[in-house]
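Each chain is listed here by its residues.
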Amino acid sequence: MEERILALRQELEHHNYLYYVLSQPVIGDCDYDMLMKELERLEKEYPWLADANSPTQRVGSDINLEFQQVRHRYPMLSLDNTYSKGELADFDARVKKELTEECRYVCEPKYDGLSVSLTYRDGALLRAVTRGDGIQGDDVTANVRTIRSVPLRLQGNDFPEEFEIRGEIVMPHSTFEKLNAERMEAGETPFANPRNAASGTLKMQKSAQVAKRPLDCFLYFLLGETLPSNSHYENLEKAREWGFKIPPYAAVCHTIDDISTFIAGWDRERNNLPFDIDGVVIKVDNLSQQKQLGMRAKSPRWAVAYKFPAERVETLLESISYQVGRTGTVTPVANLSPVRLAGTTVKRASLHNADQIQLLGIRAGDTVYVEKGGEIIPKIVGVNREKRPAHSSPTVFISHCPECGAALQRNEGEAAWFCPDRNCPPQVKGRIEHFISRKAMNIDSLGEGKIEALYDKGLVRIPSDLYRLTAAQITGLEKIITDDEGNRRKISFGTRTVENMLAGIEASKKIPFERVLYALGIRYVGETIAQKLARNFRDIDALAKASYEEMTAIDEIGERIAGSVVDFFAREDNSALVENLKQAGLQLATDEDAFRQKSDILQGKTIVVSGIFSIPRDDIKKIIEEHGGKNAGSISSHTAYLLAGEKMGPEKLKKAESLKIPVISEEEFYRLIEI
Ligand code: IVH
């Protein structure tokens, strides 16, 4: 029976390849399903013949994955971006100046998804890891297995024993649109673009869920000690023979003119692709030349990305409405006639502030230009004056809050108008939304509009109210809400939802003090500052009592922040809030163990850490702090040591040498602190 099982696996893998990689199936779905069913049956009957790389194993499981962090064997670099032909010519000149021999380039589309590194050993997929911080990423193998175009076993027999291949995981437009339609139907927030959707999908905890959202994976970079060729282009050709999806778009170019033609072609053609690309990547083809050119800290010198200019469309500005944020800031929002732009439909765009409206001379009824840059939020960049209707009048910015009617105020020298009433509903809701947000108390069971429903019922006004909620109060609540895109959806609080909500609230009582401090939403106190304050004052009472002078004495706490913290604790309602949170059992003091200093061997020493180490770089930085030292990102004459890991950028080394800063290895570092 083993033979039949092996034959079935091979046959199914082959049909998979024909269908998902070459898009040329030779059998129908029904025949394919029959083969698959037979294999599934046999594998069940003969469990000792199971194989993790069998085609039956792509469907994914509903086991909850916790992503392991995996260190990249070769760091995953990014690319330098260029936006003009001039910058490309500079790149070409730099390359040619450095190289003695003639060089040729390979141009490829720049796929707009998320990068992944696949490791194959003995022709089988071993591991798939996301980019992460470039040094280490998440092990997403189980999820990547569900991508049908990723071969679990390679074809042929001339592949290296072990190698890595890198590429981009993208969500095709068809999957994206279907997924968003389903999400809206289910009352969930749609994804802003296919890249976010792909990323969200790949990070899902259950691979069976990932399998339901077909992704694709284009490979573009082969790494290893024993590659088939010294040419990038030829390596890709070879990888295609092994069964990888290597898009047929790469072209060899010799001159800047060739490159420009390639770019112009794709700038036109990209709208006809079934997935997003956001530019073109230009790479030196010869691997020896790549080596000769080397790397900068985060990007290679042998490649560059040319990003397409932001797409721009014209549409009608139907009206201007005003949104009030958590801090009371009033933001004008343009309501547009829906228009397709860079893969999504745009209905709204931010107008930033009153000055911006005036600067661009925008009026309701105008035909405006809308652009989407690299980022998600579209913006209005100008007005087509020729299309202005005869009787339109200049926009007058509102003088009163659209939510509570208070007269708006504006601080000297600031562009934004704000509503001064702290009880104004969007401010009250905004403070609670901030409190539960991911980087604060991380109560995601309260997301998706639930705060709005709780607010409407009068159940929450301040964050501490959350800790008083009972199942009886909230079971059965329902609400229709309209999201930023104007989509309406219903939320209802069934038993399961309620259980989840309360469990999430309960779990948040363990969130460490520094994040509770951030969650309070004190103006100018971001995550890093909250951490600093928590470490210095140790508990909320000490912080509440701290004087302005005590605070400004701390490194990086300036007058603006200190002033804001003092103001915050001076308010009676805030003291009451803190008292309630204390009663609820939140962490309002630092966990002494977490910050205990182990020694002062590195007291007063600033260290720059660079490269790859045997443990994550953040752990090394923590050790430095535990021994009294300080971390810095760049080398100066104040640097005590450069702690050099593997594959460190040559520039840092050069700088350290020129300033005569001692360079120490990981081992020397441990010796220094006597570990
Ligand atoms: S080559 C050493 N080729 O762009 C650099 N990258 O901005 C290796 N990307 O992180 C990358 N399409 O995620 C390369 N054809 C392509 C690409 C591509 C998209 C992404 C990749 C990289 C990012 C850099």
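Conventions we followed
Residues numbered from 1 in each chain as written. Predicted model: local features only at pLDDT ≥ 70, side-chain atom pairs only at ≥ 80, totals over all residues. Heavy atoms only, no water. Salt bridge = Lys/Arg side-chain N within 4 Å of Asp/Glu carboxyl O. Helix = DSSP H or I, 4+ residues; strand = E, 2+ residues; numbered from the N terminus. Core = buried A, V, L, I, M, F, W, Y, C linked by side-chain atoms within 4.5 Å. Buried < 20%, exposed > 50% of the residue type's maximum accessible area, 1.4 Å probe, protein only. Contact = heavy atoms within 4.5 Å. Pairing = 2+ DSSP bridges. Near = heavy atom within 4 Å. Polar contact = N/O pair within 3.5 Å; in protein donor to acceptor, adjacent residues only side chain to side chain. Areas by Shrake-Rupley, 256 points an atom, 1.4 Å probe, with all protein chains shown as cover. Nonpolar A, V, L, I, M, F, W, Y, C, P; charged D, E, K, R; others polar.

Trainee: I'd like a description of the pattern of salt bridges, backed by residues and values.
Mentor: For the structure shown, the criterion picks out 39 salt bridges. Its salt-bridge partner being Arg 301, residue Glu 651 comes within 3.5 Å of it at the nearest N-O pair. Linking Glu 651 in helix H24 (residues 650-658) with Arg 301 in the loop between helix H10 (287-293) and strand E11 (303-307), this pair joins segments that are 350 residues apart in sequence. Within the structure, one salt-bridge network assembled from shared partners comprises Arg 9, Glu 43, Asp 51 and Arg 153.

Trainee: Run through the nonpolar core, naming residues and quoting values.
Mentor: In this structure, Leu 454, Leu 466, Tyr 467, Leu 517 and Leu 533 are the most contacted members of the largest nonpolar core, which totals 56 residues. When residues of this core are traced back to their parent elements, those giving at least two are helix H12 (425-436), helix H13 (450-456), helix H15 (495-507), helix H16 (513-519), helix H17 (527-537), helix H18 (540-545), helix H20 (559-570) and helix H21 (572-584). In contact with Leu 466, not counting residues within four places along its chain, are Ile 432, Phe 435, Ile 436, Leu 446, Ile 451, Leu 454, Val 460 and Ile 505. Of all hydrophobic cores here, the second largest spans 36 residues; its members include Leu 179, Ala 197, Ala 198 and Phe 244.

Trainee: Account for the pairing of strand E20 (residues 488-492), with residues named and values stated.
Mentor: Because side chains alternate across E20, one face comprises the buried residues Arg 489 and Ile 491, and the other comprises Arg 488, Lys 490 and Ser 492, none of which is buried. Here strand E19 (residues 478-482) pairs with E20 via five bridges, running antiparallel. Note on E20: the bridge partner recorded for Lys 479 is Ile 491.

Trainee: Give a detailed account of the site of the ligand, specifying residues and quantitative values.
Mentor: Around the ligand there are 13 residues in total, and Glu 108, Tyr 111, Glu 168, Tyr 220 and Lys 283 lie nearest to it. Contact distances for the ligand include 3.0 Å between a nitrogen atom and a backbone N or O atom of Tyr 111. Between an oxygen atom of the ligand and a side-chain N or O atom of Ser 115, the distance comes to 3.2 Å. Taken by itself the ligand offers 530 Å² of open surface, and the protein chains cover 91% of this. Elements with a minimum of two residues in the shell around the ligand: strand E3 (105-111), strand E8 (216-223) and strand E10 (277-284). If one sorts the elements of the shell around the ligand by residue count, E3 sits on top with four residues. Of the residues belonging to the shell around the ligand, the class tally is eight nonpolar, one polar and four charged.

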